[in-house]
Structures are given as C-alpha cells and as structure tokens.
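Take a look at the letters that make up each chain.
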Number of protein chains: 2
Amino acid sequence: MLHEEVVGRIRAILLDGEIPPGARIPERELCERLQISRTPLREALKVLAAEGLVQLLPHRGSRAAKLTDKDMRDLFEVCQGLEALAGELACERITDAEIDEVAAAHADMVRHYREGDLIQYYRGNRAIHEGIVTAAGNPVLAGLYTSVTARIRRARYVTPMTPERWAVAVREHDAILNALQRRDGVGLAHILRAHLRHKREEVLQAGFAETEANDLVPRIA
Amino acid sequence: MLHEEVVGRIRAILLDGEIPPGARIPERELCERLQISRTPLREALKVLAAEGLVQLLPHRGSRAAKLTDKDMRDLFEVCQGLEALAGELACERITDAEIDEVAAAHADMVRHYREGDLIQYYRGNRAIHEGIVTAAGNPVLAGLYTSVTARIRRARYVTPMTPERWAVAVREHDAILNALQRRDGVGLAHILRAHLRHKREEVLQAGFAETEANDLVPRIA
DNA sequence: TTCTACATTTTTGAATGCAAAATTCTCGAT
DNA sequence: ATCGAGAATTTTGCATTCAAAAATGTAGAA
C-alpha cells in the first residue's frame, strides 16, 4: 500500500467519524486493519497532524482533532475567502462545458431539495462548490480548499436545516449559478461569502463544535 | 530533538536554498547532521511533502520541490486571496497598539528604502504583511499564509527591483498603512491584491521560476 | 569505440527490536 | 471503602535491520 493511500484511508476513517473527535487513535488496531506496520502508519499520522486532522501529544500518542467553536469559526472564515477567490477566478476561466456540469449538478440538487432528500441534496451541493473550485484552475487553491473543507465537512454537510433555512440556501444557489453563468466574478464572490456565512451561523447555532461529549457520529467499528 | 523541530530545521535548510530546488535530499547526510536516524527524518520529509516543499518520488527518494511558472502564479494568486482576507479581518479586529506596531515597521521599512538597503527593506516589508495577518486573529488563516508564503519566500523577498518598481511598492505600502489606520477593510483588501499582483509580475518577469539550472541561491553547505 | 546485457552496489521503504515514558494495576494504610 | 505509593504493563519514539527496487559499474558483442 502506497504512502498516500495510507494517509487517505486514515483520513477517511477520521472524516467518517469512525474515530470520533478527541478519541485516541489506536495504533496497534489500525496497523492490523490496514495490514501495515507502525512505521508507515506513524508517517501518515504526522502528515494528518500537519493537516490539522490529528493532534499529536508528545509521549502520549495521537488523538482525532477536536474542533472548538473558535476553530469552526476560523475554518469557515477561511473557507469563505477561498471560495470567494475560487468564484472570481472561475468566472474568468470556466469553460461552457464546465458551466453546464455545474448547472447539471444544480438541477440535480434542486430536484433532491424538492424531494426532501437531504443526503442527496448535500451531495449535489458539494459537487457545485467543488466544481467552482476546480474551474478556478488553481491546484494550490484546490488543495487548500480540500484540506480546509475536510475539517468542517461533517458540520457543513450533516447539519440538519429548517425548511426556511433550506429554502434560503436553495435560493442562494440559484443566484450562485446565475452569477457563474453571467461570469460575474465579483457578484459570485459576494454570494458565496454570504452563503457560507449563513451556513456557518447554522452550524454554530446547532452547537456542532466538537467539544467533549459531542460525538454526533459515534464510533461504528 | 522533537518532531516539530526536525521539520523546522529541514524546512529552514530548504528555504535557505542550501538544498537547491530540484536537488536530491541526501538522507544519510541529513541524518548525521541532525543526529537522528532515518525514521524521524523520513517522517519529517513526508510532512514537508504534504506542505509542498518536498517532492517524493516512489522508490526514487525525495527532492527539494521545484516551482514552475504556473506554480508561482498559482501560489501568488492564493497569497493574494489570503492577504486580502487577512486585510479585511484585520480592519475589523486590529487594536490600536497593533496598528502602531505595523506603523513602526512601516516607518522602518521606509527608512531602509531611503537608505537603499534592500535586505532590511524586505525585512520590514515582511513584518508588515505578517503583522496584518496576525491582526486578523485567525490562526487557520495564519497557518495557511505561512505555508504558502514559505514556498514563494525566496522569489518574493529576494528579487531585485528597479528604482521605479521600488518607488511604486513603497507608495503602495503608504496606501496599505493608510487603509489599515482608517480600518477600511475593502480598500485594504484591494490595495493588498494590487500590491501582490505587481510583485508577482516582477517575479515572473525576472524569470524566477525554479526550472532546472535556475539555482539563484546556490548551495552554501 | 559504443551499445547492451548482466552482476554489483546503493538506496529506498517497511518490519522489528529496544529503551524511555506514561498508563494501569495492586496492595497496604487510613 | 477510599486513597495513594509503588510495581507491572502498555505505549510511545527511535534505532536498527531486512527485503525489494533502483542506480551503477563491468564486460562482451557489434
């Protein structure tokens, strides 16, 4: 198994919440599960620690990182900045074909909204945001976006919404697609920022910060 | 020696250009120099690879990452976004004391400009930009900024400038300080973007991309 | 002389072993 | 029964070791 694959597997385990935030990461257990020895596992944990997904405590092992309210706020703030930048760049560089792809994802998402399928709605939602970032054509930006969004993924794409919030979000997405189609970079940046600000407020209001006993997604194992 | 210290030491070696971009990283040699074995060294290299400073080639070892023109452009683009965001946030949160600190760094920088001391000028310059990022009060943002700027540091803070360019840069910095003192977030964001766009053009024009035989900062060893 | 096939050496990537540190357990005193 | 000191166990972090892969060197053929 390649180094990057090991990192990916553990990242997935953390993002799925299989090892809940704050929980110790069982080295021995993961070694057996991934069929690797401790050396490559520990290399992967150090990388994930640099990404902010894992917390290393010298001589006391590693834990799945826990997000405080402040962390969550900071991450959303940066995410806003990154998406706004991506939106501007995307408007300069996106191809017609790519716009069609985003439009298709949008239509999909709206359908799932009408059907009341939150899970599928979120899937389409993500596809749109990621589509915009990809269209920005900046791999450095895409990389940072991936790493930042990974850390707030569960909060962002799991939080339940009131019908009102949901309706607002969909309207915002209409405006997002519209701005993209008009290639209105400044407008798109503004909408994306507002959209994420609203999402952040929802998440914080829902008390999603991962402090202590807030293991929303329990260990599956 | 602690893990983070090892990472820091190697990072410094790379940023100093002691191991020039594209050069093989001599594991054995670094082990002796840092008085550690290969295990912790390799852990550090993987972390630095995730940061983008090191390139890992499976079964062929690691090299100091080389930046193409495109990489440089992408990094500057992201840096613009991060600094613009930092500027906006800083205007909302900066204390009077912090403004005074930035103003002091600015005065210093201008003095070094008048004296024609490019090295000291760049030092003050960096202090200003970093001061703004710090004042934004967002550690996530600060972390990303650190990692992105590290990769373009040599290009950004080594490139020589024509007297005209230099004069323009100083004027831009006057405007930066002014906007900060007026706490004009939008204005500051705009100026920072333009400032960095100009710097990027300088750097690219100077052909700083680290392709092949372009080891501007030679091995010191 | 130059090119290629093969053997040798070096280097890489990962498993294991070992000392130090932390955690857990035990047992006696209060 | 509870608390705390000390022993036993576990876990961590790193050095070492080992197999596989790549790089290098050598010799023979064209």
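Position numbers for residues start from 1 in each chain and track the written sequence from start to end. Note on labels: chains are lettered from A, ligands numbered from 1, in written order. Only residues with pLDDT of at least 70 are given local features in this predicted model, and only at 80 or more are side-chain atom pairs given and counted; all residues enter the totals for whole chains, interfaces and linings. By convention in this description, side-chain values take in all heavy atoms of the structure and omit both hydrogens and water.

(A) Quick look at the overall build of chain A. Numbering goes from the N terminus for both helices and strands, where a helix is a DSSP run of H or I of at least four residues and a strand is a run of E of at least two. Each helix and strand counted, chain A has nine helices and two strands in total. Traced from its N-terminal end to its C-terminal end, chain A shows the element sequence α-α-α-β-β-α-α-α-α-α-α. Taken over C-alpha atoms, the radius of gyration is set against a globule rule of 2.2 Å times the number of residues to the power 0.38. Relative to its length of 221 residues, chain A is compact, with a C-alpha radius of gyration of 18 Å against a globular reference of 17 Å. The principal-axis extent of the C-alpha atoms belonging to chain A is close to 55 × 35 × 30 Å. Exposed residues in this analysis have more than 50% of their type's maximum accessible area, buried residues have under 20%, and partly exposed residues fall in between, with area computed by a 1.4 Å probe over protein chains only. The burial tally for chain A puts 50% of its 221 residues in the buried class. The contacts of chain A with a sequence gap of at least 6 include a subset with a gap of at least 24, amounting to 75%. Here chain A displays about 10400 Å² of accessible surface, and carbon together with sulfur accounts for 52% of that area. Counted as positive: Lys and Arg. Counted as negative: Asp and Glu. His and the chain ends are not counted at all. For charged residues, the charge sits on one atom: NZ in Lys, CZ in Arg, CG in Asp, CD in Glu. Taken as two groups, the 31 positive and 33 negative side-chain charges of chain A have centres that lie 5 Å from each other. Throughout, a residue-residue contact means that at least one pair of heavy atoms, one from each residue, lies within 4.5 Å. All accessible-area figures derive from a Shrake-Rupley calculation using a 1.4 Å probe, and residue coverage is judged against the displayed protein chains alone.

(B) View of the interface of chain B and chain A. Opposite the 26 residues of chain B that make contact, chain A presents 26 residues. We define buried area as the total accessible area lost by two parts upon association, computed with a 1.4 Å probe and summed across both. Across the chain B/chain A interface, buried area totals approximately 2300 Å², and carbon plus sulfur atoms make up 63% of it. We define a salt bridge as a contact between a side-chain nitrogen of Lys or Arg and a carboxyl oxygen of Asp or Glu at a distance within 4 Å. Our count for the contact surface shared by chain B and chain A stands at eight salt bridges. N or O atoms within 3.5 Å of each other form a polar contact, as long as, within protein, one can give a hydrogen and the other can take it, and as long as residues adjacent in sequence are counted only when both atoms are side-chain atoms. On the surface where chain B and chain A come into contact, there are 13 residue pairs in polar contact (both at pLDDT 80 or more). At the level of elements, helix H3 (38–51), helix H4 (69–93) and helix H7 (139–156) of chain B are the ones that each hand at least two residues to the side of chain B that touches chain A. Element by element, the count of residues in the side of chain B that touches chain A is highest for H4 of chain B, at 11 residues. We call Asp, Glu, Lys and Arg charged. Ala, Val, Leu, Ile, Met, Phe, Trp, Tyr, Cys and Pro are nonpolar, and the rest, Gly among them, are polar. Its residues assigned to classes, the side of chain B that touches chain A shows 12 nonpolar, five polar and nine charged.

(C) Structural context of the protein's contact with DNA strand D. Note on definitions. A residue lies near a molecule or strand when any single heavy atom of the residue is within 4 Å of it. The local shell around DNA strand D holds 16 residues, among which Arg38, Arg42 and His59 of chain A together with Ser37 and Arg60 of chain B are the closest. In the environment of DNA strand D, a phosphate oxygen lies 3.2 Å from a nitrogen or oxygen atom belonging to the side chain of Arg24 of chain A. A distance of 2.6 Å separates a phosphate oxygen of DNA strand D from a polar side-chain atom of Arg42 of chain A. If you list the elements that add at least two residues to the surface near DNA strand D, you get helix H2 (27–34) and helix H3 (38–51) of chain A together with H3 of chain B. Residues of the surface near DNA strand D, tallied by class, amount to five nonpolar, five polar and six charged.

(D) Fine view of the pairing of strand S2 (residues 61–64) of chain B. Residue and element names in this part refer to chain B. Here S2 shows one buried face, formed by Ser62 and Ala64, and one open face, formed by Gly61 and Arg63. Criterion used throughout: strands pair if DSSP finds at least two bridges between them. Bridge analysis of strand S1 (residues 54–57) against S2 gives four bridges, and the strand direction is antiparallel. By the bridge assignment, Gln55 is partnered in S2 with Arg63. Where S1 hands over to S2, the hairpin turn is made up of three residues, of which His59 adopts a positive phi near 65 degrees.

(E) Main features of the environment of Thr162 of chain A. Residue and element names in this part refer to chain A. If you trace the backbone, Thr162 turns up in the loop between helix H7 (139–156) and helix H8 (163–181). As for Thr162 and Glu202, which are separated by 40 residues in sequence, their C-alpha atoms are 9.6 Å apart. Here the side chain of Thr162 touches Arg165 through a polar contact of 3.0 Å, landing on its backbone nitrogen.

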